[in-house]
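Fold and contact review
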Amino acid sequence: MRVGVPRELKDNEYRVAITPAGVRELVVSGHSVIIERNAGAGSSIPDTDFERAGASIVPDADTVFSEADMVLKVKEPIPEEFHRLREGLILFTYLHLAASEPVTRALMESGAAGVAYETVELPDRSLPLLAPMSEVAGRMAPQAGAKLLEREHGGRGVLLGGVSGVRPGRVVVIGAGMSGMNAAWIAQGMEAEVVILDKNINKLRDVDRIHQGKILTLASNRLAVEEVVTDADLVIGAVLVPGAVAPTVVTEDIIKEMKPGSVVVDISIDQGGCFETSHMTTHSDPTYVVHDVVHYCVGNMPGAVPHTSTYALTNATLPYVVALADHGLADAVRRDPALAKGVNVLGGQIVYEPVAEAHGLPWTALHSLI
Ligand SMILES: NC(=O)c1ccc[n+]([C@@H]2O[C@H](COP(=O)([O-])OP(=O)(O)OC[C@H]3O[C@@H](n4cnc5c(N)ncnc54)[C@H](O)[C@@H]3O)[C@@H](O)[C@H]2O)c1
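Residues numbered from 1 in each chain as written. Predicted model: local features only at pLDDT ≥ 70, side-chain atom pairs only at ≥ 80, totals over all residues. Heavy atoms only, no water.

Below, the discussion takes up the sheet that holds strand 1 (residues 2-5). The strands making up a sheet associate through hydrogen bonds between their backbones, and the pairing can be parallel or antiparallel. The strand order across the open sheet formed by eight strands is 3-2-1-4-5-6-14-15, and the pairing between neighbours is mixed. Each end of this open sheet is capped by a strand with a single partner; those strands are strand 3 (56-58) and strand 15 (349-350). (Pairing = 2+ DSSP bridges. Helix = DSSP H or I, 4+ residues; strand = E, 2+ residues; numbered from the N terminus.)

Put into structure tokens, the structure is as follows:
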């Protein structure tokens, strides 16, 4: 198969959908890879690294889309890319079709197959191609919070790790899933005092097993949240109820009781946020202050570290990319039900039910087309 990778066009998107290691893997399996010139520049991966791994660099995205059998991207196509979609093409990327009727219709009208990273789903219902970005955001959160706690960034002037003879910063993490667990881990590594809360006791058992008491675990309920949050220097919100808006775990009344200059980082902001006072911010203007509490609510935290994010994302996508290239779409999804869940649009039909529901459009079962 010929696999193509264009440069991302979406505003402030610096990731790229393949790394040199991915190129090598595909080439060794007998496939060819074409990459648009400078596609990796935003992630600090020069064209020469791709060429050394066996890819060919082509001058523009038109060449990538017209010559490739499968195009790998990071973000959904934007309108200026729609005309490049065509019948027979496999597009493998984050699609978020339920949130965009124009992209859904563009894919249907083109006849291309749209396979979405975010709906690839393992039998235990986990989403393996979303997890790496939660991992990145979780690990960034204490780093962002530590900086904001410095006086000149509006914080109360607390060094998270403290020093000998001085109490360290107190960090509360709400949600012990992929992002929360990683946030707590990094904060503990910075030698802060860390408390993590979750409604799911099994998640807390995992934290205890790994960290052996170095991170305090608490069942999440109103009183526990009130007590630990009002005592904290940094609170990291990392909850998720799959498919739903994030629950408000920290109310405005609790925020009012927090210490002036304390910091909240709301990772869950992409699902609406778990602090009542949260609203989405950007990397160019990441913070605002409510009741003397600094709020950091950036919706695409991994975008700040595109090099790491590109590697984290492609480590997870590569096995699926190789399966699609080796077997073709029909055979690959017959072999792997997790990948089958990723197929959203095929032959002009919507084959992922929630997308059809979101737009009031008809749904066709994937197995009836394959
Ligand atoms: N802002 C960003 O840049 C960014 C990046 C990646 C992921 N995210 C988002 O971060 C959020 C968390 O993702 P994840 O992968 O860590 O999810 P996850 O499913 O791995 O973990 C979520 C955890 O929240 C817990 N939870 C649910 N309701 C709770 C409550 N009321 N109190 C305490 N815990 C509760 C769940 O039990 C679960 O353990 C998602 O909204 C995700 O989209 C944001």
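Back to the text.
The next thing to look at is a nonpolar patch on the surface. A grouping of Leu-159, Val-163 and Val-166 is seen on the molecular surface, where their side chains present a nonpolar patch of about 280 Å² in accessible area. With respect to the helices and strands, Val-166 occurs in the loop between helix 6 (131-148) and strand 7 (170-174). (Patch = residues over 30% accessible without salt bridge, like charges linked within 9 Å, V, L, I, M, F, W, Y side chains within 5 Å. Areas by Shrake-Rupley, 256 points an atom, 1.4 Å probe, with all protein chains shown as cover. Salt bridge = Lys/Arg side-chain N within 4 Å of Asp/Glu carboxyl O.)

Looking now at the sheet that holds strand 12 (residues 287-290). Reading across from one edge, 9-8-7-10-11-13-12 is the order of the seven strands in this open sheet, with mixed pairing throughout. Whereas interior strands pair on both sides, the edge strands pair on one side only; in this sheet they are strand 9 (216-219) and strand 12. Strand-to-strand, the axes of this sheet are offset by a mean angle of 20°, without reference to chain direction. By the bridge criterion, three bridges tie strand 11 (residues 263-266) to strand 13 (residues 293-296) in an arrangement that is parallel. When the bridges of strand 13 are listed, Val-265 appears paired with Tyr-296. (Axes fitted to C-alpha atoms, helices over the stretch in contact; angles between N-to-C directions.)

Next up on the list: the domain arrangement of the protein. By the assigned domains, the protein splits into domain 1 (2-120 + 305-369) and domain 2 (131-304). Between the C-alpha centres of domain 1 and domain 2 there is a distance of 33 Å. Here domain 1 meets domain 2 over a buried area of about 650 Å², counting both sides, of which 63% is carbon and sulfur. For the interface between domain 1 and domain 2, the tally reads zero salt bridges. Summed over the shared surface of domain 1 and domain 2, the result is three residue pairs in polar contact (both at pLDDT 80 or more). (Domains from an automatic or database assignment. Buried area = accessible area lost by both parts, 1.4 Å probe. Polar contact = N/O pair within 3.5 Å; in protein donor to acceptor, adjacent residues only side chain to side chain.)

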